Amino acid sequence: KASLEHDELETGFRTHTCGALRITDVGSRVTLSGWVQQARDMNHFAFVDLRDRHGITQCVFLNEKDGDAASLARYEAAKKLGREFVLKVQGKVVERSNKNKQRATGDIEVLVDSLEVITESLTPPFLIQDKTDGGETVRMEFRYLD
């Protein structure tokens, strides 16, 4: 497997891949692009697991009721994100309080201050990931997704 340097992966859509960020990146301002793997609304904040071919990074959208209108608008937009939406996010890398040892990026998350929905998507008929919930018949019917 060939190893690519960070500079080779930086584009106008990203400064890092979704699998590249580590605890040493805390405090950095980053731009990530990828597909929504999962979105969860926790009332005070929303989590979005953003994925590309290199990995998954958790992104956080704060619901700052006393904050600025832009922060609240980002949170409201994050609540409406569906699986496989394509996003570009910008924000600051922060250390996670609840680390996920199952993920290479599990020590950090991105506190989002800019959200761009590049493409919306209909909800796919099954999860597009290694461990999918799609049966063989459905996966054959939609094999171009698998």
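Residues numbered from 1 in each chain as written. Predicted model: local features only at pLDDT ≥ 70, side-chain atom pairs only at ≥ 80, totals over all residues. Heavy atoms only, no water.

Colleague: Tell me about the packing of aromatic side chains, and please be specific about residues and values.
Modeller: Here the structure, examined in full by the defined rule, presents one aromatic pair. Between F45 and F47 the ring centres are 5.1 Å apart and the planes differ by 65°, which places this aromatic pair in the edge-to-face class. Of the residues examined, F45 reaches a relative accessible area of 29% and is grouped as partly exposed. In this structure F47 comes out as buried when scored by relative accessible area, which is 14%. (Phe/Tyr/Trp six-rings, centres within 6.5 Å; stacked < 30°, edge-to-face > 60°. Buried < 20%, exposed > 50% of the residue type's maximum accessible area, 1.4 Å probe, protein only.)

Colleague: Explain the pattern of salt bridges residue by residue, including any values.
Modeller: Using the criterion set out here, one finds eight salt bridges in the structure. In this structure, R14 and D52 form a salt bridge, with 3.9 Å as the shortest nitrogen-oxygen distance. One end of the pair, R14, is in the loop between α1 (6-9) and β1 (29-41); the other, D52, is in strand β2 (residues 45-52), and 38 residues separate them in sequence. Each member of the pair, R14 as well as D52, carries the same accessibility label: buried. Between K101 and D107 there is a salt bridge, with the nearest N and O atoms lying 3.4 Å from each other. Residue D107 is classed as partly exposed on the basis of its relative accessible area of 24%. (Salt bridge = Lys/Arg side-chain N within 4 Å of Asp/Glu carboxyl O. Helix = DSSP H or I, 4+ residues; strand = E, 2+ residues; numbered from the N terminus.)

Colleague: Hey, could you go over helix α2 (residues 69-79) for me, with residue numbers and the actual values?
Modeller: For α2, the set of buried residues is S71, R74, Y75 and A78. With its buried residues spanning 100° around the axis, α2 presents them on a single face. Packing partners of the buried residues in α2 comprise β1, β2, β3 (55-62) and β5 (108-119). (Arc of directions from axis to C-beta. Contact = heavy atoms within 4.5 Å.)

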